[in-house]
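Inside the fold
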Amino acid sequence: MKRIPYILQTLLAACIALAACTNEIPYNEQIYSPQLILNAQLNVGEKENYAYLHLSEGNRIGRVSQGSLTLYINGKSAETPEEISPEELYSDLKGTIDDEQFEQLLRNVHFKKFRITSELHPGDRIRLEAIAENGAYHVSAETTVPRPVESLQVDTALAYLREYQGDVLHRRYKITLKDLPGEKNYYRLDIAHELRQQVTYWAYDYDAEGNLTKEQRDTLLISVPTTKIINREDVILTDGRPHNYNDEENELFPSIENRYNLFTDSRFTDASATLKVYTPVYENTPPWVFNYIDYHDSQTITVSIYSLNEEQYRYLKALNTMEDDDYDGVLMEAVSIPSNVSGGLGFVGASTCTKFVLQVDE
């Protein structure tokens, strides 16, 4: 697997964030010709996956004016993914800003985004081919969809954890998974919260004759906070270096936090393991209406273990390091971002997810 030169890493990392960027990066652009960047993170079980095309033009991100994508599964053409228009990309902003600003926003879209709807399965050999600028650029990438973990169980309870403001109530998880036997395996942990509020309330208004009317209404409010996973006490997720809050505060040298919650089976090969992590306690705020009749809140907690192949694990590991606030290119070893795109830059990965869903009421 080839690796991207260090001086292109920051440029590629910006594309990985899937947002257009024109920040200049000083280096000798004569050495590097324009290259097409293909990025996609495909997940089994998702109704839609997405792929992105960017263009590297020396010291800046250029515009991809024309592009197409073809998906092959196990050597057979499976789909020509649909290109998503700029209007659809920013449909949520339509009406929230004035028309001139919205049109300017659409004109500033320099990349292409594609919607992939084909059903993927563990063991599938995936190949993505992209052509841009009427054949001036032709890139491709291949990857194999990994198998999921054999079993997943989750126990949870409320517990106090030491933070800077003292002992703070958190939700503790004990996550038990069984390793896939007979092979080296790579994983990523994720926990997501969905908060729901069902509110029944009185709505007051005036009718055509000016009389005050009262009507019962219902509304459902849903929010999905970004979940912070605290993994410092777990041996596996800290790679054999568990610690506590005081250790983090008193450390002399910067260290890289495992914010992507990546791990391998090296400590539990062909066996089971239990991860211990914490998340903040996410609570719904009281109803935003004062005259409510009935109120009910709940949350759905989804614990996910993603099975990765080795190249995707190393790719995410590199991103984890580069995005860490403590990463110092002077004091630490330079990070090299892997690329598996032939004829260009970028990374195409595939993962298989096993989920455990918890319902927490009131």
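Residues numbered from 1 in each chain as written. Predicted model: local features only at pLDDT ≥ 70, side-chain atom pairs only at ≥ 80, totals over all residues. Heavy atoms only, no water.

1. Looking at helix 5 (residues 310–322)
Cut-off, in case you're wondering: Helix and strand assignments follow DSSP, with helices taken as H or I runs no shorter than four residues and strands as E runs no shorter than two, numbered in order from the N terminus. A helix's residues, less one, multiplied by 1.5 Å, set its expected span. The buried label goes to any residue with under 20% of its type's maximum accessible area, the exposed label to any with over 50%, and the partly exposed label to all in between, with areas taken from a 1.4 Å probe on protein chains only.
Helix length check: helix 5 (13 residues) gives 19 Å between terminal C-alpha atoms against 18 Å at 1.5 Å per residue, within 8%. By the burial criterion, the buried members of helix 5 are Q312, Y313, Y315, L316, A318, L319, N320 and T321.

2. Things to note about the nonpolar core
For the record, the criterion: Here, nonpolar core means buried Ala, Val, Leu, Ile, Met, Phe, Trp, Tyr and Cys residues that are tied together by side-chain atoms lying within 4.5 Å of each other. Two residues qualify as a contact provided that any one of their heavy atoms is within 4.5 Å of a heavy atom in the partner residue.
Of all hydrophobic cores here, the largest spans 26 residues; its most connected members are L36, L38, L42, L69, I126 and L128. Among the secondary structure elements, those contributing two or more residues to this core are strand 1 (35–43), strand 2 (49–57), strand 4 (67–73), strand 7 (112–116), strand 8 (125–132), strand 9 (137–144) and strand 18 (345–361). Ignoring sequence-local partners within four residues, the contact set of L36 consists of L53, H54, L55, V64, A130, A132, Y137, V139, G344 and L345. L152, I175, L180 and I229 belong to the second-largest nonpolar core, a separate cluster that totals 22 residues.

3. Remarks on the environment of S266
The condition that has to hold: Nitrogen and oxygen atoms within 3.5 Å of one another constitute a polar contact, given that in protein one can donate a hydrogen and the other can accept it, and given that sequence-neighbouring residues count only through two side-chain atoms.
The residue S266 is located in the loop between strand 14 (262–264) and strand 15 (272–280) in this model. The exposure class of S266 is partly exposed, given its relative accessible area of 47%. A distance of 3.1 Å separates the side chain of S266 from the side chain of T264, its partner in a polar contact.

4. With respect to a nonpolar patch on the surface
Condition: Patch construction takes residues with relative accessible area above 30% that form no salt bridge. Like charges are linked within 9 Å, and nonpolar side chains (Val, Leu, Ile, Met, Phe, Trp, Tyr) are linked within 5 Å. Method for areas: the Shrake-Rupley scheme with a 1.4 Å probe, in which residue coverage is limited to the protein chains shown. Salt-bridge detection follows one rule: a side-chain nitrogen of Lys or Arg within 4 Å of a carboxyl oxygen of Asp or Glu.
A surface patch of nonpolar side chains, amounting to about 320 Å² of accessible area, comprises L158, Y160 and L169. In this fold, Y160 is placed in strand 10 (residues 152–163). Take Y160: its relative accessible area is 60%, and that puts it in the exposed class.

5. A few points about the sheet that holds strand 17 (residues 341–342)
Basically, it comes down to this: DSSP calls a pair of strands paired once it identifies at least 2 bridges connecting them.
The sheet built from five strands is open, its strands ordered 5-4-8-9-17 with antiparallel pairing. The open sheet has two edge strands, strand 5 (76–79) and strand 17, and neither has a second partner. Judged from the two bridges that link them, strand 9 and strand 17 form a sheet pairing that is antiparallel. Note that in strand 17 the partner of S140 across the bridge is S342.

6. Description of the layout of surface pockets
Definition in use: Both cavities and pockets are sets of points on a 1 Å grid over the protein atoms alone; in a cavity a 1.4 Å probe fits but cannot get out, in a pocket the set is open with protein on both sides within 12 Å along at least five of seven lines, and lining residues sit with an atom within 4 Å of a point. Grid points are joined across faces, edges and corners, and a volume is the space filled by probe spheres set on the points. The nonpolar class holds Ala, Val, Leu, Ile, Met, Phe, Trp, Tyr, Cys and Pro. Asp, Glu, Lys and Arg form the charged class, and all remaining residues, Gly among them, are polar.
Here the second largest pocket defines a volume of roughly 750 Å³. In terms of lining residues, the second largest pocket is bounded by 31 residues, among which Q41, R188, Y260, L316 and L319 are the most central. By residue class, the composition of the lining of the second largest pocket is 13 nonpolar, 11 polar and seven charged.

7. Remarks on a negative patch on the surface
Operational definition: Positive charges come from Lys and Arg, negative ones from Asp and Glu, while His and the chain ends are left out of the count. Lysine's charge is taken at NZ, arginine's at CZ, aspartate's at CG and glutamate's at CD.
On the surface, E87, D98, D99, E100 and E103 cluster together into a negatively charged patch. In terms of residues, the negative patch owes the most to one element, helix 3 (residues 99–107), which gives three residues. Mapped onto the fold, E87 is located in helix 2 (residues 86–89). Residue class for E87 comes out partly exposed when judged on its relative accessible area of 44%.

8. Some points on unusual backbone geometry
Even without being glycine, N261 reaches a positive phi, approximately 55 degrees. Mapping N261 onto the fold places it in the loop between helix 4 (245–250) and strand 14. One non-glycine residue, D270, lies in positive phi territory at about 60 degrees. One can find D270 in the loop between strand 14 and strand 15. Exposure remark for D270: the relative accessible area of 43% places this residue in the partly exposed category.

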